[in-house]
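In case you want the letters, here they are:
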Amino acid sequence: MNAGSSVGRRTRQKNAIWRILQSQNDFVSAKELHKLLRDSGQRIGLATVYRQLGSLHMSGSLDCIEHGGIRLYRVCLAQRKHHHHLVCERCGRTVEISPPDDGWLKAVAAEHGFTVSSHTLEVYGLCSSCQGHSGQADVSDPPGPWA
């Protein structure tokens, strides 16, 4: 998907943000993205970065997860396919996973008197490499590269 196909008009800033995001394998925060843009010579304000990330996320072009109160973004690898993530709290490795059964979600909600209008599910823990790194599953280490 290109940066302007489903979200408003194409601008120099939107194209620059899209190019940088496509070059990233991992999730990045708006501040990290802003720094990458500035380091590449782009003159763009942090508010513009936040605005464009929100727009791209709402269009379904970006994955967004929250960790430690920070929103992180990445070009959506599954492109429009509903999915969730396993996220390593130490290294930031992220794996896309299929959503839980829709029937299960509705049953759990109904059990508590709710109806489901939407849901978000991210599962946090340690990947196999990080578990082996310290010999134990200690999540007290600082979070991944976005800290």
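My aim in this report is to walk through the structure given alongside it, one point at a time. (Residues numbered from 1 in each chain as written. Predicted model: local features only at pLDDT ≥ 70, side-chain atom pairs only at ≥ 80, totals over all residues. Heavy atoms only, no water.)

Focus on the nonpolar core
Where a protein is soluble and globular, its nonpolar side chains tend to be buried together. In terms of nonpolar packing, the biggest core is built from 17 residues, with Ile17, Leu21, Leu33, Leu37, Val49, Leu53 and Leu62 touching the most fellow members. Looking at which element gives the most residues to this core, the answer is helix α1 (residues 12–22), with five residues. With near-sequence residues (within four places) excluded, valine 49 lies in contact with Ile17, Ala30, Leu33, His34, Leu37 and Ile44. (Core = buried A, V, L, I, M, F, W, Y, C linked by side-chain atoms within 4.5 Å. Buried < 20%, exposed > 50% of the residue type's maximum accessible area, 1.4 Å probe, protein only. Helix = DSSP H or I, 4+ residues; strand = E, 2+ residues; numbered from the N terminus. Contact = heavy atoms within 4.5 Å.)

With respect to the environment of arginine 51
Among the structural elements, arginine 51 can be located in helix α3 (residues 46–58). With 37 residues separating them in the primary sequence, arginine 51 and lysine 14 have C-alpha atoms 9.7 Å apart. In this structure the side chain of arginine 51 is engaged in a polar contact, spanning 3.1 Å, whose partner is the side chain of threonine 48. (Polar contact = N/O pair within 3.5 Å; in protein donor to acceptor, adjacent residues only side chain to side chain.)

Considerations on the sheet that holds strand β6 (residues 122–125)
If you walk across this open sheet you meet the three strands as β5-β4-β6, and the pairing is mixed. Each edge of the open sheet carries a strand with a single partner, namely β5 (94–97) and β6. Along the sheet, successive strands turn relative to each other by an average axial angle of 20°, direction set aside. Relative to β6, strand β4 (residues 84–88) runs parallel, the two sharing four bridges. The residue bridging histidine 85 from the neighbouring strand is glutamate 122, located in β6. (Pairing = 2+ DSSP bridges. Axes fitted to C-alpha atoms, helices over the stretch in contact; angles between N-to-C directions.)

Some details on the environment of histidine 119
By the element assignment, histidine 119 lies in the loop between α4 (102–111) and β6. When the C-alpha atoms of histidine 119 and leucine 105 are compared, they prove to be 8.8 Å apart, with 14 residues separating the residues in sequence. Not counting the four nearest positions on each side in its chain, histidine 119 is found in contact with His82, His84 and Leu105.

Some words on the sheet that holds strand β3 (residues 70–75)
The pairing of strands in a sheet comes from backbone hydrogen bonds and takes either a parallel or an antiparallel form. Read from one edge of the open sheet, three strands run β1-β3-β2, paired in antiparallel fashion. Each having just a single partner strand, β1 (28–29) and β2 (62–67) make up the two edges of the open sheet. Judged from the six bridges that link them, β2 and β3 form a sheet pairing that is antiparallel. Bridge pairing in β3 links histidine 67 to isoleucine 70. On top of the sheet, α1 reaches β1, β2 and β3; it is set at about 85° to β3, its chief contact. α3 contacts β2 and β3 of the sheet and is inclined by roughly 115° relative to β2.

Examining the pairing of β5
When β4 meets β5, the two strands line up antiparallel, connected through four bridges. Residue pairing for β5: leucine 86 is matched across the bridge by valine 95. Taking the residues that link successive antiparallel strands as the turn, the β4-β5 hairpin has five residues, and the phi of glycine 92 there is positive, at about 90°.

In short, shape yes, function no, at least from these values alone.
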